[in-house]
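Observations on chain architecture
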Amino acid sequence: SEQVARAMAEGALQHSAADLAVSVTGIAGPGGGSRQKPVGLVHLAAARRDNPTLHRRLACGDIGRNAIRQASLDAAFDLLIRQMTSGSQFA
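Let me begin by describing the structure that accompanies this report. Since we're looking at a predicted model, the values are computed, not measured.

**Considering the sheet that holds strand 2 (residues 41–48)**
If you trace the three strands from one edge of the open sheet to the other, you get 1-2-3, paired in antiparallel fashion. The outermost strands of the open sheet, each flanked by one partner alone, are strand 1 (20–26) and strand 3 (54–59). On average, each strand axis in the sheet is tilted by 15° relative to the strand beside it, whichever way the strands run. Pairing analysis gives six bridges linking strand 2 to strand 3, with the strands arranged antiparallel. Looking across to strand 3, one finds that Val 42 is bridged to Leu 58. Most of the contacts of helix 2 (residues 65–85) go to strand 2, to which it runs at about 25°, and overall it touches strand 1, strand 2 and strand 3.

Shown next as structure tokens:
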């Protein structure tokens, strides 16, 4: 869920010396999906100290585990880049 993804990223910042953190949670398959949380549903978050946490809901559909993982990786990098270039200068 969005709440879990945000909590994971923010928790990583709180428990480390990092300035930037990303989290990914969801159902990559091939099984384990449900009507409420189908295979291919992924929630991501990127947290940065002194910035609002960003979230993205990714609905890939049942396109295969490897394709879902690749799409999640691409989305995670996109969120990290957005977080690094938003707000104040990244130190």
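**What to know about the pattern of salt bridges**
What the rule picks out here adds up to two salt bridges. Close ionic contact of Asp 19 with Arg 49 constitutes a salt bridge, the shortest N to O distance being 3.6 Å. Placement of the pair is Asp 19 in the loop between helix 1 (2–14) and strand 1 and Arg 49 in the loop between strand 2 and strand 3, with a sequence separation of 30 residues.

Calculation criteria
- In this numbering scheme, every chain counts its residues from 1 along its sequence in written order.
- With pLDDT at 70 or above as the cut-off, local features in this predicted model cover only qualifying residues; side-chain atom pairs require 80 or more to be listed or tallied, and sums for whole chains, interfaces and linings still use all residues.
- Hydrogens and waters are ignored; side-chain quantities use all the structure's heavy atoms.
- When DSSP finds at least two bridges between two strands, those strands are taken to pair.
- Going along the chain from the N terminus, every DSSP run of H or I of four or more residues is numbered as a helix, and every run of E of two or more is numbered as a strand.
- Here, axes are lines fitted to C-alpha atoms. For helices the fit covers the stretch in contact, and angles between N-to-C directions go from 0 to 180 degrees.
- A contact between two residues is defined here by any heavy atoms of the two lying within 4.5 Å.
- Just to be clear on terms, a salt bridge is a Lys or Arg side-chain nitrogen sitting within 4 Å of an Asp or Glu carboxyl oxygen.

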